[in-house]
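Residues per chain, in single letters:
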Amino acid sequence: MAKGKSGPTGAARSLAKIDLFAALSGAQRAAIEARCRWREFPKGASVIDREAPETDVYFVVAGSVRVVIHSESGREVAFDEMGPGGCVGELAAIDGGPRSASVEALEQTLCAILPRQVFLDVAVTAPAATLALLRRMAAMVRVATERILDLSTLGAHNRVYAEILRLAKPVSGKLVIKPIPVHGDIAARVSTTRETVARVFSELARKNIVVKEGGGLTIAAPARLKAMVREFKTA
């Protein structure tokens, strides 16, 4: 299908809403779009396989993906979820190494796939894209540092509290998570079990700290929840 047309997701095949290219001119983006391959992934499909040798960069144009690693025992550890505007695969493109994690489509997803060398050329020749990439890398390091600290110092319940606060976004003066998160997804993000997450949500609902409202979850007592994150630490 030609660039600019839409696929099954209904999304135009354009990089206009990709964060890394937001500051580029229309002509610059059009030149990059012409070098992309465009691919639709159905819900549940593998977008990238961990340790695969390929080094293309995938930009999420429509839909959403999850970045995960599965242990030898089959346990899933989730690192990130991203929707339109995000990108995955940039680490392998930068250092030429194998994929550090797997990426799965959470819903019908359209990706623009850019070859490694084209991606590197853009990073070198377009300062605005370079700065956006550096900011993305810095954000990834900050999140990773915070999660390492949580895993090292917090018990399972406290890690769930912290993840709820990370997922909550300000909406009309309230902190809201929408849609309501799946217990298994949170468990994968904080290295615990679905049963533990279910117990935590029941506890928070019983104390009216988290309230179901308007198809989402409202953090009714954010200050109390923040205090609970640090109330009990592991050795």
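As a reminder, the structure under discussion sits directly above these lines.
Residues numbered from 1 in each chain as written. Predicted model: local features only at pLDDT ≥ 70, side-chain atom pairs only at ≥ 80, totals over all residues. Heavy atoms only, no water.

*Asks:* Quick question: what am I supposed to make of the environment of Gly83 here?
*Replies:* Tracing the sequence through the fold places Gly83 in the loop between strand S5 (76-82) and strand S6 (87-88). In the structure, Gly83 is positioned 18 residues away from Val65 in sequence and 6.5 Å away in space, judged by C-alpha atoms. When residues no more than four places from it in sequence are discounted, the contact partners of Gly83 are Val60, Gly63 and Ser64. (Helix = DSSP H or I, 4+ residues; strand = E, 2+ residues; numbered from the N terminus. Contact = heavy atoms within 4.5 Å.)

*Asks:* What exactly am I supposed to notice about the pairing of strand S4 (residues 65-70) here?
*Replies:* For S4, the tally of buried residues reaches 5 of 6 residues, placing the bulk of the element in the interior. As judged from the 6 bridges shared by S4 and S5, these two strands associate in the antiparallel manner. Counted as the bridge partner of Val65 is Met82 from S5. (Buried < 20%, exposed > 50% of the residue type's maximum accessible area, 1.4 Å probe, protein only. Pairing = 2+ DSSP bridges.)

*Asks:* Explain helix H4 (residues 127-153) here, please?
*Replies:* Residues spaced three or four apart along an α-helix point in a common direction, a consequence of the helix completing one turn every 3.6 residues. Compared with the 39 Å implied by 1.5 Å per residue over 27 residues, the 39 Å span of H4 between its first and last C-alpha is a close match. Among the residues of H4, Ala129, Ala132, Leu133, Met137, Arg147, Asp150 and Thr153 are the ones counted as buried. On its buried side, H4 packs onto S5, helix H2 (90-95), helix H3 (116-125), helix H5 (156-167) and helix H6 (183-190). (Expected span 1.5 Å × (residues − 1).)

*Asks:* Teacher, can you tell me more about the nonpolar core here?
*Replies:* Nonpolar side chains in soluble globular proteins generally cluster together in the buried interior. Leu15, Leu20, Phe21, Ile32, Phe59, Leu114 and Phe119 are the most contacted members of the largest nonpolar core, which has 27 residues in total. Elements with a contribution of two residues or more to this core: strand S3 (57-62), strand S8 (109-114), H3 and H4. Filtering out sequence-adjacent residues up to four positions away, Leu15 remains in contact with Phe21, Arg29, Ile32, Glu33, Cys36, Trp38 and Ala112. In this structure, Ala162, Ile164, Ala187 and Leu217 belong to the second largest nonpolar core, which totals 22 residues. (Core = buried A, V, L, I, M, F, W, Y, C linked by side-chain atoms within 4.5 Å.)

*Asks:* Mind showing me how you'd approach H5 here?
*Replies:* Relative to the 16 Å expected for 12 residues at 1.5 Å per residue, H5 spans 17 Å between its end C-alpha atoms, a close match to the ideal helical length. Taken residue by residue, H5 has Asn158, Arg159, Val160, Tyr161, Ala162, Glu163, Ile164 and Leu165 as its buried positions. Contacts from the buried residues of H5 go to H4, strand S10 (174-177), H6, helix H7 (194-206), strand S12 (216-219) and helix H8 (222-229).

*Asks:* Can you help me understand the packing of aromatic side chains in this one?
*Replies:* How two aromatic rings sit relative to each other is given by the distance of their centres and the angle of their planes. Summed over all chains, the structure comprises 2 aromatic pairs. Seen in terms of ring centroids, Phe41 and Tyr58 are 6.4 Å apart; in terms of plane orientation they differ by 50°. Their pairing is tilted. Of the two residues, Phe41 sits in strand S1 (residues 37-41) while Tyr58 sits in strand S3, which places them 17 residues apart along the sequence. Assessed through its relative accessible area of 1%, Phe41 is described here as buried. (Phe/Tyr/Trp six-rings, centres within 6.5 Å; stacked < 30°, edge-to-face > 60°.)

*Asks:* Honestly, the environment of Tyr58 in this entry has me stumped. Any pointers?
*Replies:* With a relative accessible area of 5%, Tyr58 lands in the buried category. When the C-alpha atoms of Tyr58 and Gly89 are compared, they prove to be 6.1 Å apart, with 31 residues separating the residues in sequence. A distance of 3.4 Å separates a polar atom in the side chain of Tyr58 from a polar atom in the side chain of Glu54. (Polar contact = N/O pair within 3.5 Å; in protein donor to acceptor, adjacent residues only side chain to side chain.)

*Asks:* I keep staring at the pairing of strand S11 (residues 210-213) and nothing clicks. Help me out?
*Replies:* The side chains of a regular strand alternate between the sheet's two faces. Relative to S12, S11 is paired through 4 bridges, and the arrangement is antiparallel. Pairing of Lys212 across the sheet is with Leu217, part of S12. In sequence, S11 turns back onto S12 through a hairpin of 2 residues, with Gly214 there showing a positive phi of about 60°.

*Asks:* Honestly, unusual backbone geometry in this entry has me stumped. Any pointers?
*Replies:* Across the chain, the bulk of peptide bonds are trans and the bulk of non-glycine residues have phi less than zero. Omega for the peptide link from Lys178 to Pro179 comes to 0°, which places this bond in the cis form. Among the structural elements, Pro179 can be located in the loop between S10 and H6. Of note in the backbone geometry, Ser172 takes a positive phi value of approximately 50° without being a glycine. With respect to the helices and strands, the residue Ser172 is situated in the loop between strand S9 (169-171) and S10. According to the relative accessible area criterion, Ser172 is exposed, its value standing at 75%. With phi around 60°, Ser191 is a residue other than glycine that occupies positive phi space. Locating Ser191 in the fold gives a position in the loop between H6 and H7. Judged by relative accessible area, which is 30%, Ser191 ranks as partly exposed.

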